[in-house]
Amino acid sequence: MTRREVAVDLGPRSYSVSLTLGDGPALLAERVAALAPSGVLLVADATVADLHGGPVRRALGDPPVALVAPGERSKGVAGLEALWTALREAGLDRDGLVVALGGGVVGDLAGFAAATWLRGVRVVHAPTTLLSMVDSAVGGKTGIDLGGKNLVGAFHQPSAVVADLAWLATLPAREVASGLGEAWKTAVLAGDPLLADLERAAPRARAGDPAALLPLVAACAAHKAAVVGRDEREAGERASLNLGHTLGHALEARALALGHDLPHGAAVAIGVAFACRLARALGWLDEPARARLLAAGAALGLPLAPPWPVTLDDLRPLLALDKKARAGRLRWVLPRGPGAWGLAAVPDDVVAAALSSRS
Ligand SMILES: NC(=O)c1ccc[n+]([C@@H]2O[C@H](COP(=O)([O-])OP(=O)(O)OC[C@H]3O[C@@H](n4cnc5c(N)ncnc54)[C@H](O)[C@@H]3O)[C@@H](O)[C@H]2O)c1
Ligand SMILES: [Zn+2]
């Protein structure tokens, strides 16, 4: 049995991210039992509940279940209200526990419901998408959308994270690619050896091979855990994890409005490629570094430019919602090379030029 443990070191709020292959339900039940909750509400993505819910429910002793319809649209006020109602109906008290089984949508939504129910109950994340395993289940950001992505939320660290990479066997290829978008982002920030490992494993990673993905997921989770351990509340370094997200979030909002299909990690990948172009234009990246970083994204099969025409004017109102903006000025997270980054204000003409570039 393959098993990896990644520690998230946050003093009294420390926890472990457990990655396994095949025995997720039993391991999840073990971690939940260790927390000795007075009751459990299992919040599950409806698709995941069909595919993998049976063994999880049995292992947890058939707790009440709240199903969440798949998709970003569930991550809103109505979805949150449904979970609060389920928590009331389940009678979950202060010593109760929410278990979130699904991707980032369920993790963010159930995490925020847990953060706010009775002013906060514990949550355990059981991420089932590659994206949630490498990124969203770690670090304690929870929240919902309100006309813009993640505009309402709270920091609420989980008490444990348990991911079974065998769950990825049923994940559609587009969702594998979406997770690889965040993995690429992490590798650009972490540099080598993660970047080299990802370059080497790209073909197997693209194919969704769980054995190849396990060490990569562990390395991505470890990078995020280290950053969050140093800067839990995003006073500084944690902002680096927003690489690719300023443009990515704006493209996601635009896609939602236009009815286009754009997974989060694909939007992030386009944003990372964009950040590499901006960094090149500012002289932060030399040409070999720009070429290497973009080639890694291409090897992973990621989109590197918006799939439909988009101008700076289209995006300006969406970019203004970026949480890194201060006094109306956008600050971009840009790579300074593999493993190095910085924040920069970028002139409009440079942004507009990079938006129309495909190289
Ligand atoms: N909190 C954070 O730090 C953080 C970080 C990154 C992203 N996010 C958020 O995460 C969300 C995206 O998460 P996501 O990419 O996991 O998407 P998702 O939760 O929408 O899941 C994607 C799709 O995969 C399906 N699915 C999930 N697991 C499956 C499995 N094992 N087999 C088959 N199908 C499965 C779901 O039903 C859904 O249709 C966004 O809302 C984003 O804002 C949060
Ligand atoms: Zn993200």
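Cut-off values and rules
- Residues numbered from 1 in each chain as written.
- Chains lettered and ligands numbered in written order.
- Predicted model: local features only at pLDDT ≥ 70, side-chain atom pairs only at ≥ 80, totals over all residues.
- Helix = DSSP H or I, 4+ residues; strand = E, 2+ residues; numbered from the N terminus.
- Rg over C-alpha atoms; globule rule 2.2 N^0.38 Å.
- Buried ≥ 20, exposed ≤ 12 C-beta atoms within 10 Å, placed from the backbone.
- Pairing = 2+ DSSP bridges.
- Expected span 1.5 Å × (residues − 1).
- Bend = angle between axes of the 7 residues up to and from the residue.
- Contact = placed C-beta atoms within 7 Å.
- Axes fitted to C-alpha atoms, helices over the stretch in contact; angles between N-to-C directions.
- pLDDT = per-residue confidence, 0-100.
- Near = placed C-beta within 6 Å.
- Nonpolar A, V, L, I, M, F, W, Y, C, P; charged D, E, K, R; others polar.
- Domains from an automatic or database assignment.
- Core = buried A, V, L, I, M, F, W, Y, C linked by C-beta atoms within 7 Å.

J.: Before we go on, may I ask you to explain the overall build of the protein in this structure?
T.: Tallying secondary structure elements over the protein gives 13 helices and 11 strands in all. Relative to the 2.2 N^0.38 estimate, which gives 21 Å for 359 residues, the radius of gyration of the protein is 19 Å and therefore close to what a compact globule would have. Overall, the protein is about 55 × 40 × 40 Å in size when its C-alpha atoms are taken along their principal axes. Residues counted as buried form 51% of the 359 residues belonging to the protein.

J.: Looking at this model, I keep getting lost on the pairing of strand β9 (residues 160-164). Mind explaining?
T.: The side chains of a regular strand alternate, residue by residue, between the two faces of the sheet. Among the 5 residues in β9, 5 count as buried, and that is most of the element. Where burial is concerned, the two faces of β9 agree: the one with Ala160, Val162 and Asp164 and the one with Val161 and Ala163 are both buried. Taken together, the 4 bridges between strand β2 (residues 15-20) and β9 define a ladder with parallel strand orientation. Considered in β9, the bridge of Val17 is made with Val161. Where strand β6 (residues 122-127) meets β9, 2 bridges bridge the pair, whose relative direction is parallel. If you follow Val124 over to β9, its bridge partner there is Ala160.

J.: Just to check I follow, could you spell out helix α2 (residues 46-59) for this structure?
T.: An α-helical segment advances 3.6 residues per turn. Residues three or four places apart therefore align on the same side. A rise of 1.5 Å per residue sets the reference length of α2, with its 14 residues, at 20 Å; its end C-alpha atoms lie 18 Å apart and thus fit the reference within 8%. At His52, α2 shows its strongest bend, of approximately 75°, with the proline Pro55 following within four residues. Among all positions in α2, only Val48, Ala49, His52, Gly53 and Val56 are buried. Contact partners of the buried residues in α2: α1 (24-34), β3 (40-45), β4 (65-68) and β5 (97-102). Count one or two residues on from α2 and you reach Gly61, which has phi positive near 80°.

J.: Would you mind showing me how to read the sheet that holds β2 here?
T.: The strands making up a sheet associate through hydrogen bonds between their backbones, and the pairing can be parallel or antiparallel. In space, the 7 strands of this open sheet follow the order β1-β2-β9-β6-β5-β3-β4, with mixed pairing throughout. In the strand order of this sheet, the two ends are held by β1 (3-8) and β4, each with one partner. Sheet twist, expressed as the mean angle between neighbouring strand axes with direction ignored, is 15°. Against the sheet, α1 engages β2, β3, β5, β6 and β9, with an angle of about 170° to β9. Where α2 meets the sheet, it contacts β3, β4 and β5, and its direction lies at approximately 140° from that of β3.

J.: Which parts of the structure should I look at to understand the confidence of the model for the protein?
T.: Detail in the predicted coordinates should be disregarded across regions flagged by low pLDDT. The share of residues in the protein with pLDDT of 70 or more is 98%, and the mean pLDDT across the chain is 95. Predicted confidence in the protein is weakest over helix α12 (residues 312-319), with a mean pLDDT of 88, and strongest over β5, with 99.

J.: Help me understand the site of ligand 1, please; the structure alone is not making it clear to me.
T.: Neighbouring residues of ligand 1: 31 residues in total, closest Pro70, Gly103, Gly104, Thr129 and Ser136. Looking at the shell around ligand 1, the elements with two or more residues in it are α2, α4 (104-116), α5 (130-136) and α6 (173-190). Residues of the shell around ligand 1, tallied by class, amount to 9 nonpolar, 14 polar and 8 charged. Each of two domains, domain 1 (3-171) and domain 2 (173-359), supplies a minimum of three residues to the shell around ligand 1.

J.: What is the right way to read the domain arrangement of the protein from this model?
T.: Interfaces are often sized by the accessible area lost when the parts come together. Taken domain by domain, the protein holds domain 1 (3-171) and domain 2 (173-359). Placing a centre on the C-alpha atoms of domain 1 and another on those of domain 2 gives a separation of 25 Å. If you look at the interface, domain 1 gives 26 residues, while domain 2 gives 29 residues. By residue number, the principal contributor to the side of domain 1 that touches domain 2 is α5, which donates 5 residues. A class-by-class count of the residues in the side of domain 1 that touches domain 2 yields 18 nonpolar, 4 polar and 4 charged.

J.: In this structure, what is going on with the nonpolar core? I would like to understand it.
T.: Most often, soluble globular proteins keep nonpolar side chains buried together rather than apart. Val43, Val98, Val99, Trp184 and Val217 are the most contacted members of the largest nonpolar core, which has 118 residues in total. Two domains each donate at least three residues to this core, and these are domain 1 (3-171) and domain 2 (173-359). Residues within four places of Trp184 in sequence aside, it is in contact with Leu198, Ala269, Val272, Ala296, Gly297, Leu300 and Leu302.

J.: Which parts of the structure should I look at to understand helix α7 (residues 194-206)?
T.: The axis of α7 is deflected most strongly, by about 55°, at Arg200, and proline Pro203 appears within four residues downstream. Taken together, the buried positions of α7 are occupied by Leu194, Leu195, Leu198, Ala202 and Ala205. Phi turns positive, to about 75°, at Gly208, one or two residues after α7.

J.: Would you explain unusual backbone geometry in this entry?
T.: A negative phi angle characterises most non-glycine residues, just as the trans form characterises most peptide bonds. Note the cis peptide between Asp192 and Pro193, where omega equals 10°. Counting through the fold element by element, Pro193 comes out in the loop between α6 and α7. The phi dihedral of Leu118 is positive, around 50°, even though this residue is not glycine. With respect to the helices and strands, Leu118 occurs in the loop between α4 and β6. Here Leu118 falls in the exposed class, since 12 other C-beta atoms lie within 10 Å of it. The backbone phi angle of Glu234 is positive, close to 60°, even though this residue is not glycine.

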